[in-house]
Amino acid sequence: MSSNVLQDFLKLNLNELKEKGLYNEIDPLESSNGPVIKINGKELINLSSNNYLGLATDERLKQAMVEAIKEYGVGAGAVRTINGTFKLHLELEDKIAKFKHTEAAIAYQSGFNCNMAAISAVMDKNDAILSDELNHASIIDGCRLSKAKIIRVNHSDMLDLRNKAKEAKESGLYNKIMVITDGVFSMDGDIAKLPEIVEIAEEFDLITYVDDAHGSGVLGKGAGTVKHFQLSDKVDFQIGTLSKAIGVVGGYVAGKKDLIDWLKVRSRPFLFSTALTPADIAASIKSIEILSDSTELQEKLWENSEYLKKGLTKLGFDIGKSETPITPCIIGDELQTQQFSKRLYEEGVYAKSIVFPTVPKGTGRVRNMPTAGHSKEMLDQTLAVYEKVGKEMNLI
Ligand code: PMP
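Residues numbered from 1 in each chain as written. Predicted model: local features only at pLDDT ≥ 70, side-chain atom pairs only at ≥ 80, totals over all residues. Heavy atoms only, no water.

A few words on the overall build of the protein. Looking only at helices and strands, the protein features 15 helices and 13 strands. In summary, the protein has a C-alpha radius of gyration of 22 Å against a globular reference of 21 Å for 396 residues, a match within 12%. Taken over the C-alpha atoms alone, the protein extends approximately 55 × 55 × 55 Å along its principal axes. Scored against the burial criterion, the 396 residues of the protein give a buried share of 52%. Counted over contacts in the protein with a minimum sequence separation of 6, partners at least 24 positions apart contribute 71%. For the protein, the exposed surface amounts to about 18,400 Å²; the carbon and sulfur share of it is 52%. Charge centroids of the protein, computed over 48 positive and 55 negative side chains, lie 2 Å from each other. (Helix = DSSP H or I, 4+ residues; strand = E, 2+ residues; numbered from the N terminus. Rg over C-alpha atoms; globule rule 2.2 N^0.38 Å. Buried < 20%, exposed > 50% of the residue type's maximum accessible area, 1.4 Å probe, protein only. Contact = heavy atoms within 4.5 Å. Areas by Shrake-Rupley, 256 points an atom, 1.4 Å probe, with all protein chains shown as cover. Lys, Arg positive; Asp, Glu negative; His and termini not counted. Charge placed at Lys NZ, Arg CZ, Asp CG, Glu CD.)

Spelled out as structure tokens, the structure:
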């Protein structure tokens, strides 16, 4: 018999979420996650994937995966430190380090895992972390896991960061102090002010940690936000994911060799969770090769995102302060945001609503993720639907 306390807890909380329009319904895909998807038998223009460059459905990656499965099977069979490390893992790590312009790199099972792994391998209860208030959930959880003192910094507020860094340093309370930020903020699409962050870090001897899940493959000719600002030798931890622009699954930390050596002996997901599969690794290697050879896909991505952004702005939508392909359409009210997304769906556009707790209350938005795979016709059709639904709901 299931616990009454649990049943009451779940019922109360689920009902509350549903009443407030905060319960996220999941729509399972019946197709690949490309520019057009199928849900419930309906074809929709897809503006919700992180498949920025279209590589999740690329024939070359599929081929690399199939060959790896034939050669090595489907599972790694062990954690990295027992006997789950294949030569392929090392090849991938080498390729990531070159791609990121660092001495070394280490791969994990996901970007989320990276933040669980890396922060707590270095920071502990005698340390402090200066963390941007809009950092990704996995950074927040990684910081909590470390037991370090977490000092929240107002979003991209360099005066606040400097004051708090100075105060933490001068207090003498902490052995180490880290500053941690997203490279590109995933809900607004703005870029972290890395040159200023690095300057403050140098002044107060802070460890620098940049999670570039949304910048890698997108900025800095693909190498990411740190390279975009030419700061590759000034950032200690560069985190990335293999699941967005790279198109597969997994995550990595790139940095100095000593740091990576330490993570290999001290980061818990590396020691206690089964390694990425050979197929994931082989496809990721292929993806990084493609990105290292040409910037064609990035150029197409940026062209498409500029086109969509201009169109939405011209229609009168508020796209916030995005500087990257992430294009929010800020509606505000949670129920209205969900209604807007639902109407877009009915008209053939899949752009998911994002509401509290993913974003602050009252800042509900429909987030658009244009990709290199979208055609002009798809984007024009999207804009026509936005215009129709926006007018119908008195939003523009
Ligand atoms: N960090 C950031 C900044 C992210 O946006 C995401 C993806 N939502 C992650 C980490 C997690 O990456 P993954 O999906 O590979 O676990």
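Read on, since the account is not over.
Below, the discussion takes up the sheet that holds strand β2 (residues 42-46). Strand order across the open sheet formed by 3 strands is β1-β2-β11, with mixed pairing between neighbours. The sheet is open, and its two borders are formed by β1 (36-39) and β11 (349-350), each paired with just one other strand. Where β1 meets β2, 4 bridges bridge the pair, whose relative direction is antiparallel. Counterpart to Ile 37 in the pairing with β2 is Leu 44. (Pairing = 2+ DSSP bridges.)

All right, on to the domain arrangement of the protein then. Per the domain assignment, the segments making up the protein are domain 1 (21-50 + 295-393) and domain 2 (57-293). Just the C-alpha atoms count here: the centres of domain 1 and domain 2 sit 27 Å apart. The partner domain 2 presents 20 residues to the 20 residues of domain 1 that form the contact. Carbon and sulfur atoms supply 60% of the area that domain 1 and domain 2 bury against each other, a total of about 1,700 Å² over both sides. (Domains from an automatic or database assignment. Buried area = accessible area lost by both parts, 1.4 Å probe.)

As a further point, take helix α14 (residues 334-346). Turn by turn, an α-helix covers 3.6 residues, leaving residues three or four places apart pointing in a common direction. Here α14 contains 13 residues, and its C-alpha end-to-end distance of 19 Å stays within 8% of the 18 Å for a straight helix at 1.5 Å per residue. Buried residues of α14: Glu 334, Thr 337, Phe 340, Ser 341, Arg 343 and Leu 344, and no others. Buried positions along α14 lie against β10 (327-332), β11, β12 (353-354), β13 (364-368) and α15 (376-392). Near the N-terminus of α14, the side chain that reaches the backbone nitrogen of Leu 335, with its oxygen 3.3 Å away, is that of Asp 333. Note on α14: the residue one or two positions beyond its end, Gly 348, has a positive phi of about 100°. (Expected span 1.5 Å × (residues − 1). Polar contact = N/O pair within 3.5 Å; in protein donor to acceptor, adjacent residues only side chain to side chain.)

Under the definition given, this model contains 0 disulfides. Take Cys 114: it sits in no disulfide, and the sulfur closest to it among the cysteines is that of Cys 143, at 14 Å. (Disulfide = S-S within 2.5 Å.)

Further remarks concern the site of the ligand. Around the ligand, the structure places 14 residues, and the nearest of them are Gly 111, Phe 112, Asp 211, Thr 241 and Lys 244. With respect to the ligand, the side chain of His 136 contributes an N or O atom lying 3.2 Å from a nitrogen atom. Within the complex, 83% of the 400 Å² of free accessible area of the ligand lies under protein. A breakdown of the residues in the shell around the ligand according to their chemical character gives 2 nonpolar, 9 polar and 3 charged. (Near = heavy atom within 4 Å. Nonpolar A, V, L, I, M, F, W, Y, C, P; charged D, E, K, R; others polar.)

This paragraph deals with the environment of Lys 98. Structurally, Lys 98 can be placed in helix α4 (residues 87-100). Taking the C-alpha atoms as reference points, Lys 98 and Ser 292, separated by 194 residues in sequence, lie 9.3 Å from one another.

Here the focus is the pairing of strand β7 (residues 207-211). In regular strands, side chains alternate between the two faces of the sheet. Within β7, 5 of the 5 residues are buried, which leaves the element mostly enclosed by the surrounding structure. Of the two faces of β7, the one lined by Ile 207, Tyr 209 and Asp 211 and the one lined by Thr 208 and Val 210 are each fully buried. By the bridge criterion, 5 bridges tie strand β6 (residues 177-182) to β7 in an arrangement that is parallel. Each residue of the ladder has a partner; that of Asp 182, found in β7, is Asp 211. Note that the unit made of β6, helix α8 (residues 194-204) and β7 has a crossover that is right-handed. One ladder, built from 3 bridges, connects β7 with strand β8 (residues 237-241); its direction is parallel. (Right-handed = clockwise from strand over helix to strand, strands pointing away.)

A cluster of nonpolar side chains, Leu 6, Phe 9, Leu 10, Leu 14, Leu 17 and Tyr 23, forms an exposed patch at the surface whose accessible area comes to about 510 Å². Within the fold, Tyr 23 resides in the loop between α1 (4-19) and β1. Judged by its relative accessible area of 32%, Tyr 23 falls in the partly exposed class. (Patch = residues over 30% accessible without salt bridge, like charges linked within 9 Å, V, L, I, M, F, W, Y side chains within 5 Å. Salt bridge = Lys/Arg side-chain N within 4 Å of Asp/Glu carboxyl O.)

Under the criterion given, the structure shown has 2 cavities of 30 Å³ or more. Its boundaries defined by the atoms lining it, the largest cavity holds a volume of some 80 Å³. Around the largest cavity sit 13 residues that line it, and Asp 132, Val 153, Leu 161, Val 179 and Ile 197 are the ones nearest its centre. Of all elements in the fold, only β4 (128-132), α7 (158-171) and β6 reach the threshold of two or more residues within the lining of the largest cavity. (1 Å grid on protein atoms, 1.4 Å probe; cavity = no way out; pocket = protein on both sides within 12 Å on 5 of 7 lines; lining within 4 Å. Points joined across faces, edges and corners; volume = space filled by probe spheres on them.)

Attention now goes to the confidence of the model for the protein. Model confidence for the protein is summarised by a mean pLDDT of 96, while 100% of its residues fall at 70 or above. Interface confidence in the predicted complex, given as ipTM, is 0.99; pTM for the same model is 0.95. (pLDDT = per-residue confidence, 0-100.)

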